[in-house]
Amino acid sequence: MKICFIGTGYVGLVSGVLFSDLGNSVTCVDNNHEKIENLKNGIIPIFEPGLDELVIKNYNAKRLFFTTDINHAIKNSDIIFIAVGTPTAKDGVSADLKNVYAVAQTISKNINKFKIIITKSTVPVCTGDEVEKILRKKNSSSKFEVVSNPEFLREGEAIRDFRYPDRVVIGSNNPKKTIPILKKLYEPITKKGAKFISTSRRSAELIKYAANAFLATKITFINEIANLCEQVGSNVEDIAIGIGTDARIGSRFLRAGPAYGGSCFPKDTKALTKIGKKFKTHMSVVETVIKSNEKRKNNLADKILNILKNPKGKKVGFLGVTFKANTDDMRDTQCLKIFPKLLKKGVKLSYYDPTGEKKELKKIRFIKNTKEILNNNDLVVIHTEWDEFRSLDFKSIKNKGVKIFDMRNLYQPNEFLNKNIKYYSIGRPTNEKKA
Ligand code: NAD
Ligand code: UGA
């Protein structure tokens, strides 16, 4: 089957490469010329563990192609995935669908034989109906089917998540025509155990938002429990184990931390409240989650200022600035909300990140290694859970009286009992002695 992905970002590139790795002929299209030229030369635009080798392998095997020629790619494909970005619109809440509709217009002009058009981008319920309307203006409905196939991969774990997903969701209003084709496409994955879930198109669109909003709620819930733990001297990790072992609750996504961030949970929770408004349904839980998550970033900045006591002129070094480990994605990362508040109080900031210097942080000094961060600051903040921060060389710290704020609970408080280090973490007693 000839496939094309329109939009070669985190989702389009990863899924495109992995479908080609399963033996399909895949063309990845993007309107960013530099990105496409780089990919042809083996230069990968994002940090995603294991992706480089797969791109090079499949490109050399001539199963994977990169192009900016969208018209040719559409004409030449049987299955077209739309994987363009759907960021938050200017109103600050809705999903901006201009990329999706622009692509639908272009597809509409290039339908030369029957095609399945699949929205893999995260789009509000009923967007498929709109895409179908655009296509119908120029084409007879027997020439195409519009299907929703939401993507559930996580950045940093994208290859594993694509190969071994819990489920594949296909939403189609003409299942007789589309499901056998898409079942076949996904067969190498479902054979390994992933559930194949066939629904209406609107249900599939809504499943995606419900999943992200539910996970964001779970994280926000444990973060609020962590706040309570700090007041009463309990340990949030024990609470997470104590509730997570109940199969009805489940143990995953119960790690308390510095609020949820990233390119999806923040934008998708907001968009879901807007979808609710459009259909006169108050999404009150999700609204509260968004507020609580925003407040958390502010509270964490306050906690840092409290740890410093007199913040003016104090030096604070951040370890990791992305929204989680194993990605270089800076979209909606928590520290972008924390830094301005610290700078305003005269704190001198610096950071190290395993994926290098960030254009988003031009005013903040980038340090090339963890050692310098550990040695030259009054407070070190562990902001992301990269493996290289799990075995920091605290013994090498010359600066006596340094403080550590571990926002990911990578260490146990009692590890610092006999060190000259004051250790703070999330939802656990400071320098607690474990029984
Ligand atoms: P991204 O910004 O990394 O990539 C989108 C790409 O689309 C960019 O390279 C951009 O240049 C290209 N593009 C935009 N308009 C185009 C057009 N008209 N023609 C051709 N190319 C165009 O975005 P992403 O993170 O891959 O997300 C894509 C979609 O998938 C979003 O809806 C997102 O919510 C969803 N999603 C993302 C993830 C994730 O982990 N990032 C996971 C699941 C779902
Ligand atoms: C998330 C979802 O997990 C994916 O299923 C989904 O496809 C994707 O959004 C999307 O729609 O784009 P991602 O944003 O890559 O994936 O990363 P997650 O691992 O979900 O983490 C999101 C945020 O929550 C991060 O800031 C992370 O640190 C935080 N988090 C996660 C916690 O604070 N605690 C946890 O237990 C888990």
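Peer 1: Just to check I follow, could you spell out the site of ligand 2 for this structure?
Peer 2: In the region of ligand 2, 19 residues are neighbours, and Phe152, Leu153, Lys208, Cys264 and Arg408 sit closest. Contacts to ligand 2 include Asn212, whose side-chain N or O atom sits 2.8 Å from an oxygen atom. Between ligand 2 and the protein, one listed contact pairs an oxygen atom with a backbone N or O atom of Gly261 at 3.0 Å. Contact with the protein chains covers 94% of the free accessible surface of ligand 2, which is 710 Å². For the shell around ligand 2, the per-class residue count stands at 9 nonpolar, 3 polar and 7 charged.

Peer 1: Quick question: what am I supposed to make of the packing of helix α9 (residues 201–232) against helix α12 (residues 284–308) here?
Peer 2: Geometrically, a packed helix pair is captured by the angle between its two axes and the distance between the axes. Two numbers describe how α9 lies on α12: the axes approach to 9 Å, and their chain directions differ by 45°. As the angle between them shows, α9 and α12 are arranged oblique. As for the relative orientation of α9 and α12, their crossing is left-handed in sense. Judged by residue contacts, Ala213, Ala216, Thr217, Thr220, Asn223, Glu224, Asn227 and Glu230 of α9 engage Val285, Val286, Val289, Ser292, Asn293, Arg296 and Lys303 from α12. In terms of residue class, the contact of α9 with α12 is made up of 5 nonpolar, 6 polar and 4 charged.

Peer 1: Which parts of the structure should I look at to understand the site of ligand 1?
Peer 2: Around ligand 1 there are 25 residues in total, and Val11, Asp30, Lys35, Thr86 and Lys267 lie nearest to it. Here Asp30 contributes a side-chain N or O atom positioned 2.6 Å from an oxygen atom of ligand 1. Within the side chain of Arg331, one N or O atom sits 3.0 Å away from an oxygen atom of ligand 1. Taken together, the elements giving at least two residues each to the shell around ligand 1 come down to α1 (10–21) and α5 (98–108). Residues of the shell around ligand 1, tallied by class, amount to 8 nonpolar, 10 polar and 7 charged.

Rules used throughout
- Residues numbered from 1 in each chain as written.
- Chains lettered and ligands numbered in written order.
- Predicted model: local features only at pLDDT ≥ 70, side-chain atom pairs only at ≥ 80, totals over all residues.
- Heavy atoms only, no water.
- Near = heavy atom within 4 Å.
- Polar contact = N/O pair within 3.5 Å; in protein donor to acceptor, adjacent residues only side chain to side chain.
- Areas by Shrake-Rupley, 256 points an atom, 1.4 Å probe, with all protein chains shown as cover.
- Nonpolar A, V, L, I, M, F, W, Y, C, P; charged D, E, K, R; others polar.
- Axes fitted to C-alpha atoms, helices over the stretch in contact; angles between N-to-C directions.
- Helix = DSSP H or I, 4+ residues; strand = E, 2+ residues; numbered from the N terminus.
- Parallel < 35°, antiparallel > 145°, perpendicular 65-115°, else oblique.
- Left-handed = near helix turned anticlockwise from the far one by under 90°.
- Contact = heavy atoms within 4.5 Å.

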